[in-house]
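Report on the structure
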Amino acid sequence: MGLNPGRHRFLIVFIIFLSEGHFRWVEAQQCVWYGECGESVKVHGKKYNCNYTGPPLPLQPEGHELLTELCPGLDYGDRSLCCNVDQLNTLKGSLQLPLQFLSRCPSCFFNLMNLFCELTCSPHQSQFMNATEISDGSVVKVTYYIGKTFANAMYNACQDVQLPSSNIKALSMLCGRDAKDCNATNWIEYMFSTDNGQAPFDIKPIFSDVPVAKYNPMNNKTYACTEGLEDGSGPCSCQDCAKACGPKPVPPSPSPPWTILGIDAMYFIMWLSYVAFLLIFLGAVLGAWCYRKRVITSEYGPIFDSNNPLSLNSDDPNQGSPTCFETLGERFENVLRTFFSCWGSFCVQHPVAVILASTALVIAASSGLVYMRITTDPVELWSSPSSQARQEKDYFDQHFGPFFRTTQLIITTPINDTFIYSPYFGGSDVPFKAILFKDILHQVLDLQLEIENLEATYQGQKVTLKDICLAPLAPYNNNCTILSILNYFQNSHAVLDHSEGDEFFIYADYHSHFLYCVSAPASPNDTTVLHDPCLGTFGGPVFPWLALGGYDDTNYNNATSLVITFPLNNYLNDPEKMNKALAWEKEFISFMKNYSNPNLTIAFSSERSIEDELDRESNSDIKTIVISYAIMFIYISLSLGHIHSFRRLLVDSKISLAIAGILIVLTSVCSSLGIFSYVGIPLTLIVIEVIPFLVLAVGVDNIFIIVQTYQRDERMAHEELHQQIGRILGDIAPSMFLSSSSETVAFFLGALSNMPAVRTFSLFAGLAVFIDFLLQISCFVSLLGLDAKRQEENRLDVCWCAKLSEGQEAKTEGFLFRFFKKFYAPFILKDGIRPIIVAVFVGMLSFSIAVMNKVDIGLDQKLSMPDDSYVLDYFKNLSEYLHTGAPVYFVVEDGLNYSSPEGQNVICGGVGCNNDSLVQQVYSASLISNYTTIASTPSSWLDDYFDWVKPQSTCCRFYNETGAFCNASVVNSSCVSCRPMTPSGKQRPVGEDFMRFLPMFLSDNPNFKCGKGGHATYATAVDVYPNDTGVGATYFMTYHTILKESPDYIDALKMARALASNISQSIDHKVFAYSVFYVFYEQYLTIAYDTALNLCISLGAIFVVTTVLLGFELWSAVMVSITIAMILVNMFGVMWLWSISLNAVSLVNLVMSCGISVEFCSHIVRAFSISTKKTRVERAEEALAHMGSSVFSGITLTKFGGILILALSKSQIFQVFYFRMYLAIVLLGATHGLIFLPVLLSYIGPSVNKAKVFAAHQRHAGTEKERLLKY
């Protein structure tokens, strides 16, 4: 019986199917290689694997532990694998860098190890691998079939992993290109390429999720970065896994501008207020005018006081009785008058004794100048020792050392050209700007090497850069830190010229090396065929954003400038070494000033540059200042005399008296400086430059008042000279005492300021003004008596020996006095003029109030430099080209327990760390850098230490016999891993283990086998207790975004402090932010408040003193305070119009303007208050006529000529803060004191003090002075 043909065919097919399945299953259990054979011809020191197509073989027992460590997924059964122990050791060595960089994200590293374990040891190798080239029994080329799903999942888990020490993505070190250009495909291709210096032979990856030919792609299980592993490892942190984060933080929307009906609110409000004021005021004036037309009465009465008997419309002295306060005021006035009259008479009678006593006291006080110290340290000048920024700076310096000194060059080229580089191994064309042309780089390298070789001399010793530079790896590596892209080429012309190629093509040259290094600056070996290191010769990375400028986004090849920075050690507590650093910087500046290269445009600066230029500026401005004061002196000397006729010119002139008066002003300044020098208070340049101007304004005004009052006075019958001068001093000295006391008290209260510059100025100014007053009512009065005797004897001025024969001519009124009395005062107090003046000045006030909040805050550092300074070019290029701001350190103060898991979790940024840890919060802030000004993730010594100490890593080892640290580059069998490969050993070190290995980490220099060594990056970041017993203060560094103007710096400070405050609250431990510029810009956080407080205190002091010294006339003090307040407010209007920012310098000027304004106002108000005229208009006219001319000639004209000279200064700070502000002070003071104030008094001035009227009538009854009461 035969077989059925159909059934026979089915059986054959079934047998064939089973056979093919069996053969495929057998093939799946075959290896591609086993063991290691010959040396790799492409990568020195690496070996090929031996060709082997048999079944997997059991792993030798000595490899079991290593298999568990590297490939736990293959650790099952009899451990039959396609690799031996040698291959596992090679695998471990090859994966050291990925381990150090990626193991902070467990799922990422697990997936990566899966890729390499399957490649190296999988018992199913033949299923997804094909040996495509075999030579002498060695596999020299294979094809590796990998599932797309696996590749993408592995990349997705790793793409966000950070390098804490360098603030870049880990894939930038492992992908052969910038992380932003990396993807799953090119990353794996790079790792399998012999070009990376690690793979001994080429492995060609084929990516597919479906079988290709007879191969099934390796598509093992992967873990996302948000998933934990089966061994208990947690998911990756937010910093290393974007998907683990919540929504990206969104910065708050900026507050919209305050507007009303689309108009700036302040403009709108002040405009409405001004219009309302005009309507009310003009209505009142018009109503008063109409009423006066019907009822004939006194001028000012109808407006406010028409029926008040105190208006003195009649001469009846019995009209009304004085109030208690009026009587008290008159008695106080009488006490002052009597005292000063007696004192003036005494000084004239005993001039020699008074002058000698004054001279002796001045010499004694001025002798303190031998102890004088001038502060030029900007920190001491602008930052109070008790301020937050200063205390934080001191804390930082104490625990970590002072911030290094910076010498920097910003180099551009006039060549405008672009070279298109085409990579040999494919990729897009890359344009290179001219500054990156090789010949330009060679010229820059020549310059850099010349600077490195500069030799300065200090006390006969040679000083080179190596003597003072920052060398983080010393003494193992003494190379200086030089942040320059030429360090990518090891600062070598040969390395810069290094290229690989043949006679037809260039495979790699400096272009390819540059492109790799800017994406992986910490790499010890680039991925091109050059295999040159990117690490600088000093052992650290040079980040491209620090060494390049003028590029867009991260396209560093488009850079238009090179930035070369030489950090120098800052020896704050070692004067000897500090002077050496200063000597080298001086030599550097001299060299750069004389350097010339037509292909290079160089802006440069050193740490001493700003201070040097300020000194040069001060010296260059001495000539301008001397000319300014000389003009004022000449004017005073010539205008103080009252010349009756040409032939009496030398008799009536008062040149010698004027010179004596000026000397008194200067000696009062010297006495003030000397007294405070005795106490040990240092001077500042502001004190030296501003106080003479202030005291000259106050002193000269008093001199003019004394002399001109004497010149206008008629000696009464039976009155001797000393009695006349005594009587005159009794009349005017209370006014001088009022102004000087107001200024002195206001200045001394201004010393309450926290700003050192303002406090020092206020102290020196207050004492100088008071001493000047004392000398004027004593020494100057004695000199006036002597000069009066000379004039009466017709002796010549200066040359007292010579004498004219003709008799004395009658006294006449001076031109200015006659002008003020006959024309000016009557004119501005006319009925039709006064409302216009009020409207104009209130309009100015309204405008100034509207723009007060628009005055800029800060000090443009460019203004502090002379207009011909080389530093200006540096500042300009700094803001134009640089892309990264200053470093910012988040300092964790002493007291946190880093040995405990709780202490670690509130700081670190890796697996298991708190979501609101310090590192995580700073990282989150960097995601919205446009708002927070935090540019990047912080470098975290704690996270790098955890990676460094892991047992899988070869970084942490020690000698088994001695326990001493064993560097990863050391080959010694006695070196053992710090921690065991146990579950507990894989955890973070805590307790004693933490402190046992931390000093090793901080002393470990990074190398090819271990890139995590902390010596270069973190040696100064951790303050370890003596004997390594614990960790004290530490810092975590990142960078600010680029900061260009003062508002940027102020905003950066505010944001950093807000972030530090949030961190402190989250971790329940004090954390503060520190950057080198904080001490200078902290003042601007409260400058508006400080300004308001200082000026209000000064105004309050002026109000109180004026009230008391005017005999408790409250309303008179109100008039003075209102006028000074208007001057100050209008100063802000001028500052806005003239682009003068609010800072310590302008605040000093505002405090000074408050003092000078007293001179413009108090004399007029006091003259008004003691006037016995019947109406306010008449009293205002009399006060303006008698005091206005002295104030005008004593302050306004004196200062005007001197101020105009300041406009010629080369110093921009002089032009802005002295010329402009001084001019505004004098003009506003003069216009308010001589125009607005008399008009204001004519409307609402205080009523006449009846007690003073009665006293004046009684005092002058029956004398020639009585007629003056009727004016």
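Note that this is a predicted model, so its numbers are computed, not measured.

Quick word on the sheet that holds strand β27 (residues 1022-1024)
Spatial strand order, β27-β28-β24-β29: 4 strands in an open sheet with antiparallel pairing. Of all the strands in the sheet, just β27 and β29 (1071-1074) have a single pairing partner and so form its edges. Within this sheet the neighbouring strands show an average axis-to-axis angle of 20°, counted without direction. Note that strand β24 (residues 884-892) and β29 share 4 bridges and pair antiparallel. What sits directly across from Phe890, in β29, is Ala1073. Along the sheet, helix α15 (residues 388-400) makes contact with β24, β27, β28 (1031-1041) and β29, crossing β29 at roughly 95°.

Let's talk about the confidence of the model for the protein
Residues at a pLDDT of 70 or more form 91% of the protein, whose mean pLDDT is 84. Taken as a whole, residues 1266-1271 scores under 50 in pLDDT and shows 16 contacts with residues more than four places along the chain or in a different chain.

Structural notes on the packing of helix α39 (residues 1087-1109) against helix α40 (residues 1114-1137)
Across the interface, α39 lies against α40 with an axial gap of 8 Å and an inter-helix angle of 155°. Here α39 is positioned roughly antiparallel relative to α40, judged by the angle of their axes. Relative to α40, the crossing made by α39 is right-handed. The residues of α40 that touch α39, namely those facing Thr1091, Leu1095, Leu1099, Ile1102, Phe1103, Thr1106 and Thr1107, are Leu1114, Ala1117, Val1118, Val1120, Ser1121, Ile1124, Ala1125, Leu1128 and Phe1132. For the contact of α39 with α40, a count of residues per class yields 12 nonpolar, 4 polar and no charged.

Topic: the state of the cysteines
For the structure on display, the rule yields 15 disulfides. Paired by a disulfide, Cys31 and Cys82 hold their sulfur atoms 1.9 Å apart. Negative torsions about the S-S bond denote left-handed disulfides, and the value of about -80° found for Cys31 with Cys82 makes this one left-handed. In this pair, Cys31 sits in the loop between α1 (5-28) and β1 (33-39) while Cys82 sits in the loop between β4 (80-81) and α3 (85-94), placing the two residues 51 residues apart along the sequence. Covalent S-S linkage joins Cys956 and Cys978, the inter-sulfur distance amounting to 2.0 Å. In this structure the cystine formed by Cys956 and Cys978 twists about its S-S bond by roughly -90°; its chirality is therefore left-handed. Of this pair, Cys956 sits in the loop between α34 (941-948) and β25 (957-959) while Cys978 sits in the loop between β26 (975-977) and α35 (992-1003), placing them 22 residues apart in sequence. For the residue pair Cys956 and Cys978, the accessibility class agrees, reading buried in each case. Of all cysteine sulfurs, the one in Cys1096 lies closest to Cys1154, which takes part in no disulfide; the gap is 9.7 Å.

Overview of the nonpolar core
In this structure, Leu115 and Trp187 are the most contacted members of the largest nonpolar core, which totals 362 residues. Broken down by element, this core gets its largest block of residues, 21 residues, from helix α43 (residues 1212-1244). If we ignore the near neighbours within four places in the chain, the residues touching Leu115 are Tyr144, Ile146, Phe150, Met154, Ile188, Met191, Phe192 and Met218.

Some remarks on the sheet that holds strand β20 (residues 548-549)
The 4 strands are arranged β20-β21-β13-β22 in an open sheet whose pairing can be described as antiparallel. A single partner strand is all that each edge strand has here, and the edge strands are β20 and β22 (601-605). Looking at chain direction, strand β13 (residues 405-412) and β22 are connected through 5 bridges and run antiparallel. Each residue of the ladder has a partner; that of Leu409, found in β22, is Phe604. In this fold helix α16 (residues 438-452) packs onto β13, β21 (561-568) and β22, with an angle of close to 15° to the strand it touches most, β21.

Some remarks on the domain arrangement of the protein
In many reports, interface size means the accessible area that the parts give up when they come together. Each domain of the protein was delimited in the assignment, giving domain 1 (33-240), domain 2 (324-371 + 641-796), domain 3 (375-403 + 883-939 + 1021-1041 + 1043-1083), domain 4 (404-613), domain 5 (815-853 + 1085-1270) and domain 6 (940-1005). Counting from both sides, the interface comprises 9 residues of domain 2 and, opposite them, 8 residues of domain 3. Where domain 2 abuts domain 3, roughly 660 Å² becomes buried across the two surfaces, and 63% of that area is made up of carbon and sulfur atoms. For the interface between domain 2 and domain 3, the tally reads 0 salt bridges.

Considerations on the environment of Asp264
Locating Asp264 in the fold gives a position in strand β11 (residues 263-264). Take Asp264: its relative accessible area is 24%, and that puts it in the partly exposed class. Taking the C-alpha atoms as reference, Asp264 lies 37 Å from Gln921; in sequence the two are 657 residues apart. A polar contact of 3.1 Å, which involves the side chain of Asp264, links it to the backbone nitrogen of Met266.

Focus: the pattern of salt bridges
The tally for this structure, following the rule as stated, stands at 26 salt bridges. The partner of Asp944 in a salt bridge is Lys1012, with the nearest N and O atoms 2.5 Å apart. Here the residue Asp944 occupies a position in helix α34, and Lys1012 occupies one in the loop between α35 and α36 (1015-1018), the gap between them amounting to 68 residues. Both residues of the pair, Asp944 and Lys1012, belong to the buried class. For Arg1057, the salt bridge goes to Glu1082, with nearest N and O atoms at 2.8 Å. Of this pair, Arg1057 sits in helix α37 (residues 1046-1067) while Glu1082 sits in the loop between α38 (1078-1081) and α39, and the two are 25 residues apart along the sequence. On the basis of relative accessible area, Glu1082 is assigned to the buried category, the value being 13%.

Examining the side chain of Gln96
As for its position among the elements, Gln96 is in helix α4 (residues 96-102). With sequence-adjacent residues up to four places away left out, Gln96 is seen in contact with Gln952, Ser953, Thr954 and Lys1009.

A few points about the packing of α16 against helix α21 (residues 575-594)
It is at 11 Å that the axes of α16 and α21 come closest, and there the two elements cross at 145°. The hand of the α16/α21 crossing is right-handed. Facing α16, whose interface residues are Leu447, Glu450 and Ile451, α21 presents Trp584, Phe588, Phe591 and Met592. A breakdown of the residues in the contact of α16 with α21 according to their chemical character gives 6 nonpolar, no polar and 1 charged.

Observations concerning α3
For α3, every residue scored as buried is listed here: Val85, Gln87, Leu88 and Leu91. Seen along its axis, α3 keeps its buried residues to an arc of 160°; they face one direction. Looking at the buried residues of α3, the elements they touch are β1, β2 (47-51), α2 (64-70) and α5 (106-121). The opening residue of α3, the one whose side-chain oxygen lies 3.2 Å from the backbone nitrogen of Asp86, is Asn84.

A short note on the packing of aromatic side chains
A complete count under the given rule lists 61 aromatic pairs for this structure. Ring plane angle 45° and centroid distance 5.8 Å describe the contact between Tyr371 and Tyr678, whose orientation is recorded as tilted. Of the two residues, Tyr371 is situated in the loop between α13 (351-366) and β12 (374-375) and Tyr678 in helix α24 (residues 655-679); the sequence distance between them amounts to 307 residues. On the basis of relative accessibility, which here comes to 52%, the residue Tyr371 falls in the exposed class.

Looking at unusual backbone geometry
In this model, Ala474 is joined to Pro475 through a cis peptide bond whose omega is 5°. As for its position among the elements, Pro475 is in the loop between α17 (465-468) and α18 (493-497). In this structure, Asp136 is a non-glycine residue whose phi angle is positive, near 50°. Among the secondary structure elements, Asp136 is positioned in the loop between β5 (129-135) and β6 (138-146). Positive phi is not limited to glycine here, since Ala213 has a value of about 55°. Under the relative-accessibility criterion, Ala213 is labelled exposed at 75%.

Observations concerning the environment of Ile410
In this fold, Ile410 is placed in strand β13. For Ile410, a relative accessible area of 0% corresponds to the buried category. Taking the C-alpha atoms as reference points, Ile410 and Arg177, 233 residues apart in sequence, are found 27 Å from one another. Once you skip the residues sitting within four places of it in the chain, Ile410 turns out to touch Ser561, Leu562, Thr601, Ile602, Ala603, Tyr874, Asn877, Leu878, Tyr881 and Leu882.

Considerations on the side chain of Thr412
Following the sequence through the fold, Thr412 ends up in strand β13. In this structure Thr412 comes out as buried when scored by relative accessible area, which is 10%. When residues no more than four places from it in sequence are discounted, the contact partners of Thr412 are Ile435, Thr560, Ser561, Asn599, Leu600, Thr601 and Tyr881.

Rules used in this analysis
- Residues numbered from 1 in each chain as written.
- Predicted model: local features only at pLDDT ≥ 70, side-chain atom pairs only at ≥ 80, totals over all residues.
- Heavy atoms only, no water.
- Pairing = 2+ DSSP bridges.
- Helix = DSSP H or I, 4+ residues; strand = E, 2+ residues; numbered from the N terminus.
- Axes fitted to C-alpha atoms, helices over the stretch in contact; angles between N-to-C directions.
- Contact = heavy atoms within 4.5 Å.
- pLDDT = per-residue confidence, 0-100.
- Parallel < 35°, antiparallel > 145°, perpendicular 65-115°, else oblique.
- Left-handed = near helix turned anticlockwise from the far one by under 90°.
- Nonpolar A, V, L, I, M, F, W, Y, C, P; charged D, E, K, R; others polar.
- Disulfide = S-S within 2.5 Å.
- Buried < 20%, exposed > 50% of the residue type's maximum accessible area, 1.4 Å probe, protein only.
- Core = buried A, V, L, I, M, F, W, Y, C linked by side-chain atoms within 4.5 Å.
- Domains from an automatic or database assignment.
- Buried area = accessible area lost by both parts, 1.4 Å probe.
- Salt bridge = Lys/Arg side-chain N within 4 Å of Asp/Glu carboxyl O.
- Polar contact = N/O pair within 3.5 Å; in protein donor to acceptor, adjacent residues only side chain to side chain.
- Arc of directions from axis to C-beta.
- Phe/Tyr/Trp six-rings, centres within 6.5 Å; stacked < 30°, edge-to-face > 60°.

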